[in-house]
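Chain residues, written in single-letter form:
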Amino acid sequence: IRIIKLTEPTGYFDEMVSLIWNQWHKEKYTIDEAAYLCRHLLGEISLPQTFAAEIDGKLAGFLSICNNKLECRPDLTPFASNFYIKKEYRGKGIDRLLLKHCTGVLKEMGFDRLYFITHLENYYERLGSEYIGDVPMGYGKIRKLYKFNL
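So, a few notes on the structure that sits alongside this text. Bear in mind that the values here come from a model prediction, so they are computed numbers and not experimental data. (Residues numbered from 1 in each chain as written. Predicted model: local features only at pLDDT ≥ 70, side-chain atom pairs only at ≥ 80, totals over all residues. Heavy atoms only, no water.)

**Side note on the environment of Ala60**
Phase 1 of the analysis: Mapped onto the elements of the fold, Ala60 is located in strand β3 (residues 58–66).
Phase 2 of the analysis: Residue classification places Ala60 among the buried residues on the basis of a relative accessible area of 0%.
Phase 3 of the analysis: Separated by 35 residues in sequence, Ala60 and Asp95 place their C-alpha atoms 9.7 Å apart.
Phase 4 of the analysis: In contact with Ala60, other than residues within four places in its own chain, are Ala53, Ile55, Tyr84, Ile85, Lys86, Tyr89 and Ile94. (Helix = DSSP H or I, 4+ residues; strand = E, 2+ residues; numbered from the N terminus. Buried < 20%, exposed > 50% of the residue type's maximum accessible area, 1.4 Å probe, protein only. Contact = heavy atoms within 4.5 Å.)

**Examining the pattern of salt bridges**
Phase 1 of the analysis: Going through the model one piece at a time under the given rule, you end up with 8 salt bridges.
Phase 2 of the analysis: Between Glu15 and Lys86 there is a salt bridge, and its shortest N-O distance comes to 2.5 Å. Here the residue Glu15 occupies a position in helix α1 (residues 13–25), and Lys86 occupies one in the loop between β4 (79–85) and α3 (94–108), the gap between them amounting to 71 residues.
Phase 3 of the analysis: Glu121 is the salt-bridge partner of Lys144, the closest N and O atoms lying 3.6 Å from each other. In this pair, Lys144 is assigned in strand β7 (residues 141–149) and Glu121 in the loop between β5 (113–118) and α4 (123–126), connecting sequence segments 23 residues apart.
Phase 4 of the analysis: Owing to a relative accessible area of 17%, Lys144 belongs among the buried residues under this scheme.
Phase 5 of the analysis: Connected via shared salt-bridge partners are Glu15, Lys86 and Glu88. (Salt bridge = Lys/Arg side-chain N within 4 Å of Asp/Glu carboxyl O.)

**Re the pairing of β4**
Phase 1 of the analysis: Burial analysis of β4 places 7 of its 7 residues in the buried class, which makes it a mostly covered element.
Phase 2 of the analysis: Two strands pair when backbone bridges link them, and β3 and β4 are joined in this way by 5 bridges, in the antiparallel orientation. Its bridge partner lying in β4, Ile65 is registered against Ala80. (Pairing = 2+ DSSP bridges.)

**Points about the layout of surface pockets**
Phase 1 of the analysis: In this structure, the largest pocket occupies an estimated 1500 Å³ of space.
Phase 2 of the analysis: Lining the largest pocket are 44 residues, with Trp24, His25, Lys69, Ser81 and Asn82 sitting closest to its centre.
Phase 3 of the analysis: Elements with a minimum of two residues in the lining of the largest pocket: α1, α2 (31–39), β4, α3, β5, α4, β6 (130–138) and β7.
Phase 4 of the analysis: Here the element with the most residues in the lining of the largest pocket is β4; it accounts for 6 residues.
Phase 5 of the analysis: Of the residues belonging to the lining of the largest pocket, the class tally is 24 nonpolar, 10 polar and 10 charged. (1 Å grid on protein atoms, 1.4 Å probe; cavity = no way out; pocket = protein on both sides within 12 Å on 5 of 7 lines; lining within 4 Å. Points joined across faces, edges and corners; volume = space filled by probe spheres on them. Nonpolar A, V, L, I, M, F, W, Y, C, P; charged D, E, K, R; others polar.)

Just geometry here; none of it tells us what the structure is for.
Here it is in structure tokens:
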């Protein structure tokens, strides 16, 4: 397994956009709008940054880190975004490897925690995160907020 930083919309970018769009944005954006959003997650030095897990030359998953993605809590930073492992690679520890790599990058940048927003039950606890509480996302949507100490 190789973890790579995506810094340009090449290589795995189109596949990542398609997966993100299908998983989270299909009801809200066109595929071109999703690509536009994703292009702005490809920072080189500062946030946001996106990392991909590659196995045998194939995209296995990805994780983006951004400054903030929660309007109701602008005081919390940084946030994990688009944390996705393709179905055929789940259960192999790739999520932990991506998270470990990203938290190492964040430590080097001087951060001591990482936040997650999700609808998933008990997933982030397994990775060592602490549940903080429910947060409003707008239009009646509620999500769970987690903190991962680095």
